[in-house]
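Per-entry structural report
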Amino acid sequence: MTEMDLDRAWDLHPQVSVRPEPFGALLYHFGTRRLSFLKDRRLLAAVQALGGAPTARAACRSAGLGEDELPRYGRALAVLVQSSMLVGRTP
């Protein structure tokens, strides 16, 4: 699995569309034609905060996640990196 560096800046891939749903969200990558389900609204909040945050850790904190929750959410974000839904951002 691709490692998620929470102290790095990340963004949604430019070809990814996010559709909020009652259960969380659907992410669709128009380039790879992959679909991902986010079944956690706080994960959705963290993903949506990535673009405006200096790091993934800051995005997670702005989504209300505590330090003890970061490992679990970091793994979830790593899955999105592996599926090319998220890409690293250069500062």
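Being a predicted model, the structure only gives us computed values, none of them experimental. (Residues numbered from 1 in each chain as written. Predicted model: local features only at pLDDT ≥ 70, side-chain atom pairs only at ≥ 80, totals over all residues. Heavy atoms only, no water.)

**Observations concerning the sheet that holds strand β2 (residues 16–21)**
- Across the sheet, which stays open at both edges, the 3 strands sit in the order β2-β3-β4 with antiparallel pairing between neighbours. Edge positions in the open sheet fall to β2 and β4 (34–38), since each of these has one partner strand only. Shown here is a sheet whose adjacent strand axes are inclined to one another by a mean of 20 degrees, direction ignored.
- Packing against the sheet, helix α1 (residues 41–49) makes contact with β2, β3 (24–29) and β4, and its axis sits at approximately 145 degrees to β2. (Pairing = 2+ DSSP bridges. Helix = DSSP H or I, 4+ residues; strand = E, 2+ residues; numbered from the N terminus. Axes fitted to C-alpha atoms, helices over the stretch in contact; angles between N-to-C directions. Contact = heavy atoms within 4.5 Å.)

**Things to note about a nonpolar patch on the surface**
- Where nonpolar side chains cluster on the molecular surface, the patch consists of F23, L35 and F37 and spans about 290 Å² of accessible area.
- Looking at the element boundaries, F37 is found in strand β4. (Patch = residues over 30% accessible without salt bridge, like charges linked within 9 Å, V, L, I, M, F, W, Y side chains within 5 Å. Areas by Shrake-Rupley, 256 points an atom, 1.4 Å probe, with all protein chains shown as cover. Salt bridge = Lys/Arg side-chain N within 4 Å of Asp/Glu carboxyl O.)

**Some thoughts on the packing of aromatic side chains**
- A full pass over the atoms with the stated rule returns 2 aromatic pairs.
- A centroid spacing of 6.3 Å and a plane angle of 40 degrees characterise the contact between F23 and F37, whose relative ring orientation is tilted. Here F23, found in the loop between β2 and β3, pairs with F37, found in strand β4; they are 14 residues apart in sequence, far enough to count as distant.
- Over the ring of W10 we find R8; its NZ or CZ atom is 4.7 Å from the centre of that ring. (Phe/Tyr/Trp six-rings, centres within 6.5 Å; stacked < 30°, edge-to-face > 60°. Lys NZ or Arg CZ within 6 Å of the ring centre and 35° of its normal.)

**Section: unusual backbone geometry**
- With a phi close to 65 degrees, R33 is a non-glycine residue in the positive phi region.
- Along the chain, R33 turns up in the loop between β3 and β4.
- For R33, a relative accessible area of 66% gives the class exposed.
- Phi is positive for S84, close to 70 degrees, though the residue is something other than glycine.
- Relative to the assigned elements, S84 resides in the loop between α3 (70–82) and β5 (86–88). (Buried < 20%, exposed > 50% of the residue type's maximum accessible area, 1.4 Å probe, protein only.)

**A few points about the pattern of salt bridges**
- Enumeration over the complete set of coordinates arrives at 7 salt bridges.
- Two residues, D40 and R72, come together in a salt bridge whose shortest N-O distance is 3.9 Å. Pair noted here: D40 is in the loop between β4 and α1 and R72 is in helix α3, with a separation of 32 residues, a long-range link.
- Residue D40 is classed as partly exposed on the basis of its relative accessible area of 23%.
- One salt bridge in this structure joins E67 and R61, with 2.4 Å as the shortest N-O distance.
- The exposure class of E67 is partly exposed, given its relative accessible area of 46%.
- The exposure class of R61 is partly exposed, given its relative accessible area of 47%.

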